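# Understanding the architecture of this molecule
Chain residues, written in single-letter form:
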Amino acid sequence: MEKWPLGVFASIDAGLGVKLEVAHELKVPTIQLHAPHKATRTAENAKRFLDRLGGLGIRITAVFGGFEGESYADIPTVVRTVGLVPPETRAARTAEIKEIADFARLLGVDVVALHLGFVPHEPSESLYREVLAVTRDVCDHCRRNGQALHLETGQEPADSLLQFIHDVDRDNLFVNFDPANMILYGSGNPIEALGIIGRYVKSVHCKDAKWAVNPGKEWGQEVALGDGDVGFEAYLKTLDRLGYTGPLTIEREIPQDPNRQKAEIGRALDLLRNLKAKLVG
Ligand code: MG
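First things first, this report covers the structure right here in the doc.

### Details of the pattern of salt bridges
Applying the stated criterion across every chain yields a total of 20 salt bridges. Across the salt bridge formed by Asp240 and Lys3, the nearest N and O atoms sit 2.5 Å from each other. Placement of Asp240 in helix 9 (residues 232-241) and of Lys3 in the segment before strand 1 (6-11) is noted, with a sequence separation of 237 residues between them. Between Asp137 and Lys98 there is a salt bridge; the shortest N-O distance is 3.0 Å. Taken as a pair, Asp137 in helix 5 (residues 126-144) and Lys98 in helix 4 (residues 87-106) lie far apart in primary sequence, 39 residues in all. Note on Asp137: relative accessible area 30%, which makes it partly exposed.

Listed below in structure tokens is the structure:
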């Protein structure tokens with residue numbers, strides 16, 4: 001299989017990400033799919049969708065779960081609303097991510113990914129143990145489906161994430177590395193973080209951002225790929241050094257402005273194609 005196939009974060013009927021037509025127009029061979037709404041997650045739709053993807057020559061490399069009620073408005077809101085960490089929504093969302101995993105299986109996809117939420121940094125906290133338990137539960141469900149679970153990075157420093165993965169102790173738990181999130185959340189230099197958790201990185205986002213004035217207290221700013229502080233040549237060189245050969249999936253979260261989103265993703269593809277040619281030959 002080709003090293004570093006390019007990809008985009010895409011959606012059928014929900015969430016962030018570009019439409020399939022846009023992915024096709026930009027000649028992108030892979031997508032990570034934002035999980036569609038519950039009503040869409042049927043066997044019949046999976047088949048229809050696979051036929052359509054086949055026609056477009058696009059392969060799904062991961063299905064990303066997201067939940068009603070999640071908000072990325074600011075960092076405290078993320079802590080309160082995102083992923084499987086908030087106790088009030090945990091049971092319902094755990095059931096839903098399992099349904100999403102089952103839908104991914106219908107699509108023949110062996111990677112399920114999600115934002116787990118803000119894992120507490122202190123392993124002695126009871127919340128930490130609860131999040132361990134729910135993560136094991138989801139990993140075990142994915143295992144029965146022949147799938148891996150990838151945790152999106154960003155909310156915690158690389159050392160904390162490494163500790164958490166060790167503590168979960170499941171061999172199908174990996175990382176979807178997003179360098180921009182490390183900057184947006186102020187959780188560490190992304191290239192250093194990649195060096196720390198690199199052996200668990202099985203999928204990546206290509207997204208860029210600028211540091212906040214007070215990192216960790218306020219958001220950094222997501223910007224077009226190449227305009228931010230990630231440094232994509234260093235990023236790809238580090239992935240190469242780690243032996244990462246999987247897809248490079250561009251994520252650009254400005255769904256309110258689809259024309260600009262498409263233009264910026266087009267430029268991001270050019271930038272990554274040039275770097276690939278330079279580094280891979
Ligand atoms: Mg991401």
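### Topic: the packing of helix 9 against helix 10 (residues 258-280)
When two helices pack together, their arrangement is given by the angle between the helix axes and by the axis-to-axis distance. Closest axis-to-axis distance for the helix 9/helix 10 pair is 11 Å, and the angle between their directions is 50 degrees. As the angle between them shows, helix 9 and helix 10 are arranged oblique. As for the relative orientation of helix 9 and helix 10, their crossing is right-handed in sense. The residues of helix 10 that touch helix 9, namely those facing Phe232, Glu233, Leu236 and Lys237, are Leu271, Leu272, Leu275, Lys278 and Leu279. Each residue belonging to the contact of helix 9 with helix 10 can be placed in one class, and the counts come to six nonpolar, no polar and three charged.

### Section: unusual backbone geometry
Within the chain, Trp4 stands out as a residue other than glycine whose phi angle is a positive 50 degrees. Looking at where Trp4 falls in the secondary structure, it is placed in the segment before strand 1. When its relative accessible area of 0% is taken as the criterion, Trp4 is described as buried.

What counts and how
Residues numbered from 1 in each chain as written. Predicted model: local features only at pLDDT ≥ 70, side-chain atom pairs only at ≥ 80, totals over all residues. Heavy atoms only, no water. Salt bridge = Lys/Arg side-chain N within 4 Å of Asp/Glu carboxyl O. Helix = DSSP H or I, 4+ residues; strand = E, 2+ residues; numbered from the N terminus. Buried < 20%, exposed > 50% of the residue type's maximum accessible area, 1.4 Å probe, protein only. Axes fitted to C-alpha atoms, helices over the stretch in contact; angles between N-to-C directions. Parallel < 35°, antiparallel > 145°, perpendicular 65-115°, else oblique. Left-handed = near helix turned anticlockwise from the far one by under 90°. Contact = heavy atoms within 4.5 Å. Nonpolar A, V, L, I, M, F, W, Y, C, P; charged D, E, K, R; others polar.

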